[in-house]
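Examination of the molecular architecture
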Amino acid sequence: MRPAYRLRHLAAVALALACAAAVLPGQDAVRRRTAVVGRIEPEAAPRIDGRMDDACWTDAPQIGELTMVEPWLGRAPSQRTVVKLLHDRTALYIGLWCFDPDAGRIRATQRARDARLDPDDRVEILLDPFENRRTAYFFQIGAGGSIGDILVSQNGQRFDKPWDAIWDGASTVTDEGWFAELVIPFRSIPRREGAASWGFNLIRHVRAANEELRWTNVSQSASAFRVSDFGTIEGFGAIDPGIGLELVPYVAGRAQRDRADGQRRFDDDVDAGGEINYRLTPSVTLSTTLFTDFAETEVDDRQINLNRFPLFFPEKRDFFLEGTSYFTFGANEAGNTRFLPFFSRRMGLDGGGAPVPLLGGVKLAGEAGPFEFGVLDVQTEASGALDEENLGVGRFRYAPNDRTLVGLIGTNGDPTSEGSNTVVGVDAFHRVPDLFGAFDFTVSVDAATSAGSLDADDGESYGAELRARGSEWQFELGVRSVAADFRPALGFVRRRDTRQSAFEAAWRPRVAEGGFVRRFVVDAEVERADALDGEEQDAAFGIEQLGFETHEGDQIGLFGERAFERVQSEFALFRDSTPVFAGDYWTSRHGVFVEASEGREVGGFASLSTGDFFDGTSDRIEANVDWRTSALLHLGVGYDTAAVDLGPGRSFTTHIGSCRVDFFLSPRLSVRNLVQYDNESEVLGWQSRLRWIYDPGRDFFAVLGTRWNRADDGSLIPGEQGLELKIVHAVRF
């Protein structure tokens with residue numbers, strides 16, 4: 001099938017799907033739970049300290065009781081929860097009374113901003129200020145005082161965890177339980193203009209009992225994030241959103257040297273820049289960034305490649321992570337392979353991963369009725385052999401109802417060459433809730449084509465993925481086809497000239513009450529990859545997990561796989577020292593894993609696998625241990641090793657080690673330390689990262705980094721060293 005024809009064909013399918021969905025009844029026919037938001041004057045607003053002693057809470061309306069979802073659907077909760085909502089002209093206030101007479105079992109170990117709160121007792125709040133039943137803003141607070149937020153889109157299918165709003169919260173623990181107060185300024189979240197009601201849901205997690213309680217959407221087959229099933233909070237009156245202008249300037253200073261090059265003195269530099277955000281409408285924001293700086297970014301986790309396909313390192317820079325969900329595209333994991341026509345990490349980095357300075361950028365993102373859109377344009381500075389480059393992406397989606405999305409994407413620019421590159425794609429998503437009365441069913445399809453000045457730029461890709469989720473059964477079927485000449489210069493594709501398909505089925509039956517085990521797990525998968533001319537490349541079938549999960553959240557399981565792999569041409573592993581010859585390889589591998597619940601003071605994961613590896617064998621151990629000694633101090637160690645033997649003169653052993661020592665002096669002040677070493681690069685690295693949130697939206701960072709290179713005699717030689725200080729200070733009007 002010709003590329004242009006295939007693209008037109010799938011575009012027609014997407015359009016037909018949208019038209020069909022437009023005439024289907026939406027989720028609004030569902031009877032929704034409702035609650036009332038009380039109104040107060042600004043001078044009566046609560047002090048956000050988690051003590052719940054403000055007079056305004058006394059007569060504030062409650063949202064009503066929660067219902068148990070896990071472990072036993074529909075039961076009354078083991079612990080009582082009271083939730084009250086208030087608002088004035090500037091903000092929404094949420095009060096939480098999480099009663100628990102056994103205060104000693106309350107887990108309150110997390111303090112840091114945006115921490116993973118799975119180890120702790122916590123409450124999650126979901127707001128749909130557009131009331132479009134597809135987009136929501138997630139806020140969470142833990143018993144230890146940690147707060148975090150996520151942008152939820154595509155009716156609960158996409159999550160933008162790095163999204164950060166300016167808001168605040170505090171919690172306390174007493175003999176009666178734990179209690180919290182939150183304040184969410186109306187200037188911090190987009191919304192439907194003049195809305196008197198919002199979509200709403202709330203989830204409480206009781207960590208000791210591994211219990212999940214919900215306000216609405218009480219189902220084990222549907223995620224609590226399914227926005228179309230939210231309830232409604234009513235009673236919003238007039239608010240003051242300001243003029244919608246936000247200035248976020250920064251000042252950064254750094255001192256650096258490279259001891260490996262004999263440099264003794266530090267080179268110092270001072271930069272300044274920032275962002276200007278202007279809310280054109282309550283739901284559309286225009287952002288401009290100048291002299292963008294990433295001094296506070298965390299380092300990548302070390303990886304060693306044990307195959308011939310490229311490794312994936314996730315985006316960690318805040319400017320690009322903000323609003324990520326507006327740019328997601330299609331069935332990006334169909335066929336069990338990662339496919340991203342746009343991957344923001346390509347902006348500001350050269351082909352070798354070295355930083356390229358950004359002069360500035362413009363971003364327009366938001367929603368208008370049934371339309372969602374995101375436009376990003378970035379100008380890079382000339383660096384090394386690369387000239388300055390303009391890079392851009394545009395994304396558009398249309399939602400005829402809360403079940404369906406159809407969209408377009410386009411990218412332009414090549415950050416690694418002087419040539420041109422363009423990608424255009426179409427995609428569609430549709431959800432059928434309660435299929436056959438039990439399954440939450442979704443389908444995603446996409447097609448994309450690339451064109452450019454290089455010979456290998458003109459190709460196409462398409463993908464499709466079906467998912468069905470029930471309370472005990474889950475199914476997933478996906479396929480991804482990528483032409484040999486498909487090259488998204490601003491994207492990421494792991495393999496080309498291939499058609500990959502995968503089918504996975506999982507059964508997680510619950511066990512009758514009273515035992516040690518909560519559920520058994522049987523998870524099986526079949527995969528296949530063929531060249532586009534039909535030649536078989538890979539095939540595998542196996543058990544992903546055969547085991548059980550306890551009521552505490554611990555997991556124990558076995559896994560195994562039988563696989564075929566065809567290597568077309570010789571390649572080398574581990575420092576290019578060990579060749580893998582062209583040929584056909586049948587391999588069998590098996591192993592065991594144990595995962596300790598994060599609800600324990602000491603948690604972690606360990607996996608041991610052994611078996612064939614190309615024309616030899618390998619044994620691999622992966623392990624990490626996390627010790628949350630208290631809310632103040634967290635310790636962690638990780639180790640990954642693989643002993644590979646491919647025959648005489650073709651053996652090696654990989655080692656990746658890491659150690660974390662993190663101090664959380666308060667919910668606003670933390671010091672994180674990460675030490676990593678791998679024996680492929682033979683570099684020992686240490687990053688110490690201090691973050692002080694001296695006011696919501698206003699941060700001070702101090703990042704100390706140093707590297708040691710291992711010499712032939714085994715000694716460590718000092719290499720790059722640097723200290724970076726940065727202040728970010730948001731001002732709103």
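**Section: the overall build of the protein chain**
Within the protein chain, the secondary structure is distributed over two helices and 43 strands. Here the protein chain has a C-alpha radius of gyration of 26 Å; the compact-globule value for 733 residues is 27 Å, and the two agree. C-alpha atoms of the protein chain, sized along the principal axes, occupy 80 × 65 × 55 Å. Buried positions account for 52% of the 733 residues belonging to the protein chain. Sequence-distant contacts in the protein chain: of pairs separated by 6 or more residues, those separated by 24 or more amount to 60%. Total accessible area on the protein chain is roughly 31,500 Å²; 56% of this is exposed by carbon and sulfur atoms. Where the 79 positive side-chain charges of the protein chain centre and where its 112 negative ones centre are 3 Å apart.

**Some points on the environment of Ala 702**
In this fold, Ala 702 is placed in strand E41 (residues 698-710). With relative accessibility at 16%, the residue Ala 702 sits in the buried group. C-alpha of Ala 702 to C-alpha of Arg 689: the two residues are 13 residues apart in sequence and 5.9 Å apart in space. Contacts of Ala 702, omitting those with residues within four sequence positions, involve Ser 688, Arg 689, Leu 690, Glu 724 and Leu 725.

**Some details on the pattern of salt bridges**
Counted by the stated rule, this structure contains 48 salt bridges. Here Arg 116 makes a salt bridge to Asp 118, at a shortest N to O gap of 3.2 Å. What emerges from the salt-bridge pattern is a single network uniting Arg 116, Asp 118, Arg 122, Glu 124 and Glu 598.

**Some thoughts on the packing of aromatic side chains**
Inspection of the entire model under this criterion finds 27 aromatic pairs. Residues Phe 339 and Phe 486 carry aromatic rings whose centres are separated by 5.8 Å and whose planes lie at 25° to one another, so their mutual orientation is stacked. Remark: Phe 486 occurs in the loop between strand E26 (473-482) and strand E27 (492-493) and Phe 339 occurs in strand E18 (residues 339-340); sequence separation between them is 147 residues. Its relative accessible area of 0% is what places Phe 486 among the buried residues. Directly above the aromatic system of Tyr 250 lies the positively charged group of Lys 726, at a separation of 4.8 Å from the ring centroid.

**A word on the side chain of Thr 328**
Relative to the assigned elements, Thr 328 resides in the loop between helix H2 (318-321) and E18. Setting aside residues no more than four positions away along its own chain, Thr 328 makes contact with Arg 158, Arg 395 and Arg 397.

**Description of the environment of Thr 654**
The topology assignment puts Thr 654 in strand E38 (residues 651-666). We classify Thr 654 as buried; its relative accessible area is 5%. Dropping the residues within four chain positions of it, Thr 654 is found in contact with Ile 304, Leu 306, Phe 574, Asp 640, Thr 641, Ala 642 and Asn 679.

**Quick notes on the pairing of strand E21 (residues 389-401)**
Examined bridge by bridge, strand E20 (residues 371-380) and E21 share 10 bridges and lie antiparallel to one another. Paired with Thr 380 across the two strands is Glu 389, which belongs to E21. Judged from the eight bridges that link them, E21 and strand E22 (residues 404-412) form a sheet pairing that is antiparallel. Looking across to E22, one finds that Phe 396 is bridged to Leu 408. Counting the residues in the hairpin turn of E21 and E22 gives two residues.

**A closer look at the nonpolar core**
Grouped together as the largest cluster of nonpolar side chains are 64 residues, with contacts concentrated most on Leu 96 and Leu 127. Beyond its immediate stretch of four places on either side in the chain, Leu 127 contacts Leu 92, Thr 135, Ala 136, Tyr 137, Phe 139, Ile 184, Ile 189, Trp 198, Gly 199, Phe 200 and Ile 233.

**Some remarks on the sheet that holds strand E4 (residues 81-87)**
If you walk across this open sheet you meet the five strands as E2-E4-E5-E11-E10, and the pairing is mixed. The outermost strands of the open sheet, each flanked by one partner alone, are strand E2 (38-39) and strand E10 (168-174). As paired strands, E2 and E4 are joined by two bridges and run parallel to one another. Paired with Gly 38 across the strands is Leu 86, a residue of E4.

**With respect to a negative patch on the surface**
Side chains of Asp 455, Asp 458, Asp 485, Asp 497 and Asp 533 sit close together on the surface and give a patch of like negative charge. Considering the arrangement of structural elements, one finds Asp 458 in the loop between strand E24 (439-452) and strand E25 (459-469). A relative accessible area of 46% places Asp 458 in the partly exposed class.

**Observations concerning the environment of Arg 566**
Within the secondary structure, Arg 566 is located in strand E31 (residues 555-567). Along the primary structure Arg 566 and Tyr 585 are separated by 19 residues, whereas in three dimensions their C-alpha atoms are 6.3 Å apart. Once residues within four sequence positions are removed from consideration, Arg 566 is found in contact with Arg 308, Glu 535, Glu 536, Gln 537, Asp 538, Gly 583 and Asp 584. Among the polar contacts made by the side chain of Arg 566, one reaches the side chain of Glu 535 at a distance of 3.4 Å.

**Looking at the confidence of the model for the protein chain**
Per-residue confidence for the protein chain averages 89 on the pLDDT scale, and 95% of its residues sit at or above 70. With pLDDT under 50 throughout, residues 24-28 is counted as low confidence; its partners more than four residues away or in other chains account for 12 contacts.

**Observations concerning unusual backbone geometry**
The step from Glu 70 to Pro 71 runs through a cis peptide bond, and the omega angle for that step is 5°. We note that Asp 576 has phi near 60°; this positive angle belongs to a residue other than glycine. Among the structural elements, Asp 576 can be located in the loop between strand E32 (571-573) and strand E33 (578-580).

**Description of the pairing of strand E17 (residues 284-290)**
Pairing geometry for strand E16 (residues 267-281) and E17, over seven bridges, is antiparallel. Considered in E17, the bridge of Ile 276 is made with Thr 288. Connecting the antiparallel pair E16 and E17 is a turn made up of two residues. Pairing between E17 and strand E19 (residues 358-368): seven bridges, direction antiparallel. In the sheet register, Leu 286 faces E19, and the bridge partner there is Leu 364.

Thresholds applied
- Residues numbered from 1 in each chain as written.
- Predicted model: local features only at pLDDT ≥ 70, side-chain atom pairs only at ≥ 80, totals over all residues.
- Heavy atoms only, no water.
- Helix = DSSP H or I, 4+ residues; strand = E, 2+ residues; numbered from the N terminus.
- Rg over C-alpha atoms; globule rule 2.2 N^0.38 Å.
- Buried < 20%, exposed > 50% of the residue type's maximum accessible area, 1.4 Å probe, protein only.
- Contact = heavy atoms within 4.5 Å.
- Areas by Shrake-Rupley, 256 points an atom, 1.4 Å probe, with all protein chains shown as cover.
- Lys, Arg positive; Asp, Glu negative; His and termini not counted.
- Charge placed at Lys NZ, Arg CZ, Asp CG, Glu CD.
- Salt bridge = Lys/Arg side-chain N within 4 Å of Asp/Glu carboxyl O.
- Phe/Tyr/Trp six-rings, centres within 6.5 Å; stacked < 30°, edge-to-face > 60°.
- Lys NZ or Arg CZ within 6 Å of the ring centre and 35° of its normal.
- Pairing = 2+ DSSP bridges.
- Core = buried A, V, L, I, M, F, W, Y, C linked by side-chain atoms within 4.5 Å.
- Patch = residues over 30% accessible without salt bridge, like charges linked within 9 Å, V, L, I, M, F, W, Y side chains within 5 Å.
- Polar contact = N/O pair within 3.5 Å; in protein donor to acceptor, adjacent residues only side chain to side chain.
- pLDDT = per-residue confidence, 0-100.

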